[in-house]
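Structural overview for review
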Amino acid sequence: MLYAIVGQDVPDSLNQRLAARPAHLARLQALQQAGCLLLAGPFPALDSNDPGPAGFTGSLIVAEFDDLTTAQTWADADPYVTAGVYASVSVKPFRKVLPA
């Protein structure tokens, strides 16, 4: 099943984000290589693809996991969590409807 993982950043998270980004991306790339990643990306703090020093307010990951517990465990171990980038993380089951 698919799960939506939404991380909400702490204020002024850009420096922590940049430091933890390589490890964060490596985990996402492993999900992609396993054929489990539907999409992933950050929420820019400004209405721009490159928010510069304003940074980001969080991230969205939609990926396939065996069950909610597995998805939550994966999300809890994210480098952005351990580096203090995320203030909170929610994991919810997700049903893709479109595009078909």
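Our subject is the structure listed above.
Description of the structure in this document. Only a predicted model underlies this, so the values are computations on that prediction, with no experimental measurement involved. (Residues numbered from 1 in each chain as written. Predicted model: local features only at pLDDT ≥ 70, side-chain atom pairs only at ≥ 80, totals over all residues. Heavy atoms only, no water.)

**What to know about the overall build of the protein**
When helices and strands are tallied, the protein shows three helices and four strands. Along the chain direction, N to C, the helices and strands of the protein fall in the order β-α-β-β-α-α-β. For 100 residues, the compact-globule estimate of 2.2 N^0.38 gives 13 Å, and the C-alpha radius of gyration of the protein, at 13 Å, lies within 12% of that figure. With the C-alpha coordinates aligned to their principal axes, the bounding extent of the protein is approximately 35 × 30 × 25 Å. Residue burial in the protein is summarised as follows: out of 100 residues, 30% are buried. Once local pairs closer than 6 in sequence are excluded, the contacts in the protein between residues at least 24 apart make up 73%. Just so you have it, the protein exposes about 6100 Å², and 57% of that area is on carbon and sulfur atoms. (Helix = DSSP H or I, 4+ residues; strand = E, 2+ residues; numbered from the N terminus. Rg over C-alpha atoms; globule rule 2.2 N^0.38 Å. Buried < 20%, exposed > 50% of the residue type's maximum accessible area, 1.4 Å probe, protein only. Contact = heavy atoms within 4.5 Å. Areas by Shrake-Rupley, 256 points an atom, 1.4 Å probe, with all protein chains shown as cover.)

**Remarks on the sheet that holds strand β2 (residues 37-44)**
In spatial order, the strands read β2-β3-β1-β4; together these four strands make up an open sheet with antiparallel pairing. The open sheet has two edge strands with one neighbour each: β2 and β4 (86-94). On average, each strand axis in the sheet is tilted by 10° relative to the strand beside it, whichever way the strands run. As paired strands, β2 and strand β3 (residues 56-64) are joined by seven bridges and run antiparallel to one another. From the neighbouring strand, Ala40 faces β3, where its bridge partner is Ile61. Sitting on the sheet, helix α1 (residues 14-33) touches β1 (2-9), β2, β3 and β4, and the angle it makes with β3 is about 10°. This element, helix α2 (residues 68-76), spans β1, β3 and β4 of the sheet and lies at about 155° to β4. (Pairing = 2+ DSSP bridges. Axes fitted to C-alpha atoms, helices over the stretch in contact; angles between N-to-C directions.)

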